[in-house]
Amino acid sequence: MSCINGNVLEHGVSYQTEGPIEAALTSKRVSKIVELSTSRAIALCCVKLLSDKTAGPISVLDAINAFALPGLQWVKHINKDIKVTSNVAKELQNDICGQNEDVHQMEIVAEDPHVLMHSRKFKFIYIEAIGSTVTYLDAALRSINHEGLLCVTSTDIAILNNKSPDTALRLYGAKFLKSEYWGEMAVRVIAANVLRAAGRWGKGVTIEMCTVTEYSVTVVFHVLRGAKHVEPCLPLVQPLSHCLNCQACAFNEDCSQTLPLNEQTPLCGCGDNNTSALTQLGPMWSGSIFNPTFIQKLLDQAIDFKMSESLTKIFQLLLIESVCCKSELAENALLKLPETSTSNQDGPPEKKAKSDEESIVIKLDDIQPAPLFYFDFQHHSVKGGNPPKLSAVVERLRKLGHRASKTHFGPRCVRTSASLQQFNDLLKQMWEEISKTT
């Protein structure tokens, strides 16, 4: 996105704000437009995927975005017949209709989002809320059709980060904790609320992908109608047991009866003599939060749309994280990058043999779900000395036989199949090695 003299430009669609952008950024609407470009890029790719997959025209809704930018992007970039409805702020309805010629190819309305979604059906719904999206979920899940996609973006980062526990409990019906994996916890709690809303209308959901930025949490759901799709989802909403001392966590699968903490089996050694270290978080979604096949298609669409390098890198990182490979060779094969050998440190990198490249074939449909949660090694750092590089930590974990990858949740975060104890032992060993060489 670029902002020049009050003109907000994104993916070939522009909106003229009132006056210079620096002054306009004091408005919540305009600041939201600038901050949530990643979420709208995901929505654009989702609409294109859905239109290619569905025979005939589809009905798509931009439920509560004030400027209609998502709807304008869908009309401009998707040639297939789609019926776009954009719900805008009432005071902006006339201005938007007169600013862009593409606006005449879609329906501009200014209605209450709940009334709009309860009265009509859509194949794709995009909800970009200032604050929480939970108040719109009941209407959205009633409105969305079978095998449709629901993309929700929440901007209440402070609440999801447990700045206001009472508000979090009131809105989401869950207990949060400010921890190293708060971003994934937020995704899983939002997913649990979506599942409950879907179940009331006899629909089940699966998570296709999610992304967490400094400003928002975005989750894409695949919605399926019928009781046979609801029942398998219900056991996936579980409380999470968390150790306040060492940050170890595990889902409580037998959540039909929640025992007092002092009667539960401790997660780690911290609880042997101090059961008060255990706390219950959630309830939250305990299943997979990534579909590698879906993310691969989004990445292909982002490349076709010639999106910015920063957005393309986000999609690539999501794909890497969703697969969580055991080797760099497999990771490069996943991204279809040329392989190089790092053994020749003095000269230029040498290309690997073609047979080595072709020996790695990633079948995304057969990939096991990515490991639950991730570690921020800044939280597990050893006092004194210089910390190891993120790439070095990932490489060492893979050499030990673990799945490991970088994650979009944080610049110093690692998703791995290694246990917390194994991760801590590795960091301690790497810190000692660094201190000996300095």
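See the structure shown above.
Counting starts from 1 at the beginning of each chain's written sequence and moves along it residue by residue. Where local features are concerned, this predicted model is filtered to residues with pLDDT of at least 70; where side-chain atom pairs are given and counted, the filter is 80 or more; whole-chain, interface and lining totals use all residues. To obtain the side-chain values, all non-hydrogen atoms of the structure were used and water was disregarded.

Trainee: Account for the nonpolar core, naming residues and giving values.
Mentor: Only buried residues count toward a nonpolar core, which is a set of Ala, Val, Leu, Ile, Met, Phe, Trp, Tyr and Cys residues joined through side-chain atoms within 4.5 Å. Only protein chains enter the accessibility calculation, which uses a 1.4 Å probe; a residue is then buried when its area is under 20% of its type maximum, exposed when over 50%, and partly exposed in between. Grouped together as the largest cluster of nonpolar side chains are 109 residues, with contacts concentrated most on Trp 74, Phe 124, Ile 125, Ile 127 and Leu 150. Sequence-distant contacts of Phe 124, that is, excluding residues within four places in its chain, are made with Ala 43, Cys 46, Val 47, Leu 50, Ser 59, Val 60, Leu 61, Trp 74, Leu 149 and Cys 151. In terms of nonpolar packing, the next biggest core, distinct from the first, is built from 20 residues, Cys 243, Val 394, Leu 420 and Phe 423 among them. By definition, residues are in contact when any of their heavy atoms lie within 4.5 Å.

Trainee: Quick rundown of the packing of helix 14 (residues 309-323) against helix 15 (residues 328-335)? Include the residues and the values.
Mentor: Angular values range over 0 to 180 degrees, each being the angle between N-to-C directions of two axes fitted as lines to C-alpha atoms, with helices fitted over their stretch in contact. Think of it this way: any DSSP run of H or I at least four residues long counts as a helix, any run of E at least two long counts as a strand, and we number them from the N terminus. Following both chains from N to C, one finds helix 14 and helix 15 inclined at 130°, their axes separated by 10 Å at the closest point. One way to sum up the angle between helix 14 and helix 15 is to call them oblique. In this structure, helix 14 crosses over helix 15, and the sense of that crossing is right-handed. In this structure, helix 14 contributes Gln 316, Leu 319, Ile 320 and Val 323 to the contact, and helix 15 contributes Glu 331, Leu 334 and Leu 335. Side-chain classes follow a simple rule in which Ala, Val, Leu, Ile, Met, Phe, Trp, Tyr, Cys and Pro form the nonpolar group, Asp, Glu, Lys and Arg form the charged group, and the remainder, Gly included, forms the polar group. In the contact of helix 14 with helix 15, the residues fall into five nonpolar, one polar and one charged. Working definition: roughly parallel below 35 degrees, roughly antiparallel above 145 degrees, roughly perpendicular at 65 to 115 degrees, and oblique for all remaining angles. Each crossing gets its hand from how the near helix is turned against the far one by less than a right angle, where anticlockwise is left-handed and clockwise is right-handed.

Trainee: I'd like a description of the side chain of Glu 321, backed by residues and values.
Mentor: Inspection of the secondary structure puts Glu 321 in helix 14. Only 2.8 Å separates the side chain of Glu 321 from the side chain of Arg 415, close enough to count as a polar contact. Apart from the residues lying within four places of it in its own chain, the contact partners of Glu 321 are Phe 290, Ala 370, Ser 405, Lys 406, Thr 407, His 408, Phe 409 and Arg 415. Definition of a polar contact: a pair of N or O atoms within 3.5 Å, with one able to donate and the other able to accept a hydrogen when the atoms are protein atoms, and with sequence-neighbouring residues admitted only if both atoms are side-chain atoms.

Trainee: Lay out the environment of Gln 238 in plain terms, naming residues and giving numbers.
Mentor: Among the structural elements, Gln 238 can be located in strand 11 (residues 237-243). A residue is classified by how much of its surface remains accessible, and Gln 238, at 8% relative accessible area, is buried. The spatial distance from the C-alpha of Gln 238 to the C-alpha of Pro 283 is 5.0 Å, given a sequence separation of 45 residues. A distance of 2.9 Å separates a polar atom in the side chain of Gln 238 from the backbone oxygen of Pro 235.

Trainee: If you had to explain helix 14 to someone new, which residues and values would you point to?
Mentor: Taking 1.5 Å per residue, 15 residues should reach 21 Å; helix 14 reaches 21 Å between its end C-alpha atoms and fits that length. Taken residue by residue, helix 14 has Leu 311, Thr 312, Phe 315, Leu 318, Leu 319, Ile 320, Glu 321, Ser 322 and Val 323 as its buried positions. Contacts made by the buried residues of helix 14 are with helix 3 (37-53), strand 9 (203-212), helix 13 (292-304), helix 15, strand 17 (404-406) and strand 18 (413-416). Phi turns positive, to about 55°, at Cys 324, one or two residues after helix 14. Expected span of a helix, by definition, is 1.5 Å for each gap between consecutive residues, and there is one gap fewer than residues.

Trainee: Explain the sheet that holds strand 7 (residues 122-128) residue by residue, including any values.
Mentor: Pairing between strands is defined by DSSP: at least two bridges between them are needed. A sheet is described by the order of its strands in space; here seven strands give the open sequence 6-5-4-7-8-10-9, paired in mixed fashion. Edge positions in the sheet fall to strand 6 (107-109) and strand 9, since each of these pairs with one other strand and no more. When strand polarity is set aside, the average angle formed by the axes of neighbouring strands in this sheet is 15°. Of the pairings in the sheet, the one linking strand 4 (residues 58-62) to strand 5 (residues 82-87) comprises five bridges and is parallel in character. Bridge pairing in strand 5 places Val 60 opposite Val 84.

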